[in-house]
Amino acid sequence: MPDHSIADFLPLVLQHAPSAPIPLAAEHLRQAAIDFCVQTRCWRYRASVAFTANPVTIPVPLNAVVHEIERAEFDGIALEPALPGDFTDAELSAVADDNNTPTWMTQEVPDTLIVLPPKAGTLTLNLFLKPPAGVVFGQDSTRSLLPQFMFDHHAAFLAYGALASLLTLPDEAIMDAGRAGHFASLFQARIDAMRSDFRRGQQRRMPRQTRSPWV
């Protein structure tokens, strides 16, 4: 999927706050994108990895981190989510065995996965992603990218989200609580609309509709 630099979104912020420092505006855009992805689960990603031992690192693009695992399959069989405390230390440290039948997935460390009982095979993951936090604008160009669909479909609304927080900074000359509230309402309205629309997609399938064998 093509990406856009966060800098490409800046004109949409700066037209409303022209005196805002660019690095500050860029970081608020990043935080708006994170919030947007967390609340709407709009950034979907499908990954496959050859599993040989626990834990396995979840593969994602360099400009993303995992927000949520929607579904995990091991050689086509769905894994059930579980807590680490549901297993003994011996189970968690077991080595892969061809006689095992993987049934569970759990985590001890974010962005990794433990498959139990372990067996060599292919792990397929349906993920919801979000941009990484805490990256200083301009220091890592790869991790300062947002996916193409955010630019094509949500750029103006991400700018509103950035302005909603940027204009509330008490030590900045750009502070304007009234305008910040206005932009916050526009941003939240887009989030509320997307919470249902992301599941239907552009194909507009109705929720809980029985899938046709032709779809």
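Scope of this entry: the structure provided in the associated data block.

Rules behind the numbers
- Sequence order as written defines the numbering, with residues in each chain counted from 1.
- In keeping with the model being predicted, local features are shown solely for residues with a pLDDT of at least 70 and side-chain atom pairs are shown and tallied solely at 80 or more, while totals for entire chains, interfaces and linings include all residues.
- Note that the side-chain values use all heavy atoms of the structure and ignore hydrogens as well as water.
- In this description a helix means any DSSP run of H or I spanning at least four residues, a strand means any run of E spanning at least two, and both kinds are numbered starting from the N terminus.
- For every residue, the accessible area obtained with a 1.4 Å probe (protein chains only) is divided by the maximum for its type, and the residue is called buried under 20%, exposed over 50%, and partly exposed between those limits.
- Using a 1.4 Å probe, accessible areas were evaluated by the Shrake-Rupley method; residue-level cover was limited to the displayed protein chains.
- The rule for a disulfide is simple: a pair of cysteine sulfur atoms within 2.5 Å.
- When a carboxyl oxygen of Asp or Glu is within 4 Å of a side-chain nitrogen of Lys or Arg, the pair counts as a salt bridge.
- Here, any two strands with at least 2 DSSP bridges between them count as paired.
- For helices, the fitted axis covers only the stretch in contact; all axes are lines through C-alpha atoms, and the angles between them, taken along N-to-C directions, range from 0 to 180 degrees.
- Geometric relationships in this document are graded by angle, where less than 35 degrees denotes roughly parallel, more than 145 denotes roughly antiparallel, 65 to 115 denotes roughly perpendicular, and other angles denote oblique.
- The handedness criterion is simple: a crossing whose near helix is rotated anticlockwise from the far helix by less than a right angle is left-handed, and one whose near helix is rotated clockwise is right-handed.
- Residue contacts follow a heavy-atom distance rule, with two residues in contact if any of their heavy atoms lie within 4.5 Å.
- Under the convention adopted here, Pro, Cys and the residues Ala, Val, Leu, Ile, Met, Phe, Trp and Tyr are nonpolar, Asp, Glu, Lys and Arg are charged, and Gly plus all remaining residues are polar.

## Notes on the overall build of the chain
Item 1. Counting its regular elements, the chain contains five helices and 10 strands.
Item 2. By the burial criterion, 36% of the 215 residues in the chain qualify as buried.
Item 3. Accessible surface, the chain as shown: approximately 11800 Å² in total, 55% of it carbon and sulfur.

## Brief notes about the state of the cysteines
Item 1. Taken as a whole and assessed by the stated rule, the structure comprises zero disulfides.
Item 2. Not engaged in a disulfide, the cysteine Cys37 finds its nearest cysteine sulfur in Cys42; these two sulfurs lie 4.2 Å apart.
Item 3. Under the relative-accessibility criterion, Cys42 is labelled buried at 13%.

## Considerations on unusual backbone geometry
Item 1. Of note, the amide linkage connecting Asn54 to Pro55 takes the cis form, showing an omega dihedral of -15 degrees.
Item 2. Here Pro55 shows up in the loop between strand S2 (44-51) and strand S3 (56-57).
Item 3. In this model, Leu116 is joined to Pro117 through a cis peptide bond whose omega is -20 degrees.
Item 4. One non-glycine residue with positive phi stands out, namely Asp111, at about 70 degrees.
Item 5. Considering the arrangement of structural elements, one finds Asp111 in the loop between strand S7 (104-106) and strand S8 (112-116).
Item 6. Judged by its relative accessible area of 32%, Asp111 falls in the partly exposed class.

## A look at the pattern of salt bridges
Item 1. Applying the stated criterion to the full structure yields five salt bridges.
Item 2. The partner of Asp192 in a salt bridge is Arg195, with the nearest N and O atoms 3.0 Å apart. Placement of the pair is Asp192 and Arg195 together in helix H5 (residues 177-200), with a separation of three residues, close to one helical turn.
Item 3. Accessibility expressed as a relative area gives 38% for Arg195, which makes it partly exposed.

## Observations regarding the pairing of S8
Item 1. Most of S8 sits out of view: five of its five residues are buried.
Item 2. Taking every second residue as pointing to the same face, both faces of S8 are buried, with Thr112, Ile114 and Leu116 on one and Leu113 and Val115 on the other.
Item 3. Pairing of S3 with S8, which is carried by two bridges, proceeds in the antiparallel orientation. Among the inter-strand pairings, Thr57 is bridged to a residue of S8, identified as Thr112.
Item 4. Pairing of S7 with S8, which is carried by three bridges, proceeds in the antiparallel orientation. Following the sheet pairing, Trp104 is matched in S8 by Leu116.
Item 5. Two successive antiparallel strands, S7 and S8, enclose a turn made up of five residues, where Asp111 displays a positive phi of approximately 70 degrees.

## Structural notes on the sheet that holds S8
Item 1. With mixed pairing, the four strands of this open sheet are ordered in space as S3-S8-S7-S6. Where the open sheet ends on each side, the last strands, each with one partner, are S3 and strand S6 (80-81).

## A closer look at the packing of helix H2 (residues 22-40) against helix H4 (residues 148-166)
Item 1. The N-to-C vectors of H2 and H4 enclose an angle of 115 degrees; their axes lie 8 Å apart at closest approach. In terms of orientation, H2 and H4 fall into the roughly perpendicular class. In this structure, H2 crosses over H4, and the sense of that crossing is right-handed. Note on element contacts: H4 touches H2 through Met150, His154, Leu158, Ala159, Gly161, Ala162, Ser165 and Leu166, opposite Leu24, Ala25, His28, Leu29, Ala32, Ala33, Phe36 and Cys37.
Item 2. Tallied by class, residues from the contact of H2 with H4 come to 12 nonpolar, four polar and no charged.

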